[in-house]
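Structural characterization, general
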Amino acid sequence: MEMNVKDAKESGAIGIFESKYGDIVKVYDIPGYSLEICGGPHVSNTAELGYFKIIKEQSSSLGVRRIKAIVDLD
């Protein structure tokens, strides 16, 4: 979902790099796990997410890959 930074923080979303946020931010919610302001939630290991479907994959920096996925909450 998208909302302004103030509303996002009031909803309990956490975020870093606040100076890089615009007026409207994306808020990602994985119920019971994460509510974050950013390009998407972060995990140390994808096993933490359970089942998910990768819909996009790209390089984010040297030796680092970024995926966009849909988590299956069932």
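Look above for the structure.
Here the structure is a predicted model, which is why all the values come from computation and not from measurement.

The helix and strand inventory of the protein chain stands at one helix and five strands. Each helix (α) and strand (β) of the protein chain, taken in turn from the N terminus, gives the series β-α-β-β-β-β. Within the protein chain, the fraction of its 74 residues that count as buried is 19%. Accessible area for the protein chain stands at about 5,900 Å²; split by element, carbon and sulfur atoms hold 54% of it.

Time to look at the pattern of salt bridges. Summed over all chains, the structure comprises two salt bridges. As a salt-bridge pair, Glu10 and Lys6 come within 3.3 Å of each other at their nearest N and O atoms. With a gap of four residues between them, Glu10 and Lys6 both fall in helix 1 (residues 5–10), about one helical turn apart. Put simply, Glu57 and Arg65 hold a salt bridge, and the shortest N to O gap is 2.5 Å.

Taken together, three strands build an open sheet; the order of strands is 1-2-3 and the sheet is antiparallel. Two strands bound the open sheet, and with one partner strand each, they are strand 1 (2–4) and strand 3 (34–37). Pairwise comparison of adjacent strand axes, ignoring direction, gives a mean angle of 35° for this sheet. Relative to strand 2 (residues 24–30), strand 1 runs antiparallel, the two being bridged by three bridges.

Another aspect to go through is the side chain of Glu36. Here Glu36 lies in strand 3. Within the buried set, Glu36 has no salt-bridge partner at all; the shortest N-O distance to an opposite charge, 11 Å, is to Arg66. Only 2.6 Å separates the side chain of Glu36 from the side chain of Ser34, close enough to count as a polar contact.

On a regular strand, one side chain projects to one face of the sheet and the next to the other, so that they alternate. Note: strand 4 (residues 52–61) against strand 5 (residues 64–71), eight bridges, orientation antiparallel. Looking across to strand 5, one finds that Ser61 is bridged to Val64.

The rules behind these values
- Residues numbered from 1 in each chain as written.
- Predicted model: local features only at pLDDT ≥ 70, side-chain atom pairs only at ≥ 80, totals over all residues.
- Heavy atoms only, no water.
- Helix = DSSP H or I, 4+ residues; strand = E, 2+ residues; numbered from the N terminus.
- Buried < 20%, exposed > 50% of the residue type's maximum accessible area, 1.4 Å probe, protein only.
- Areas by Shrake-Rupley, 256 points an atom, 1.4 Å probe, with all protein chains shown as cover.
- Salt bridge = Lys/Arg side-chain N within 4 Å of Asp/Glu carboxyl O.
- Pairing = 2+ DSSP bridges.
- Axes fitted to C-alpha atoms, helices over the stretch in contact; angles between N-to-C directions.
- Lys, Arg positive; Asp, Glu negative; His and termini not counted.
- Polar contact = N/O pair within 3.5 Å; in protein donor to acceptor, adjacent residues only side chain to side chain.

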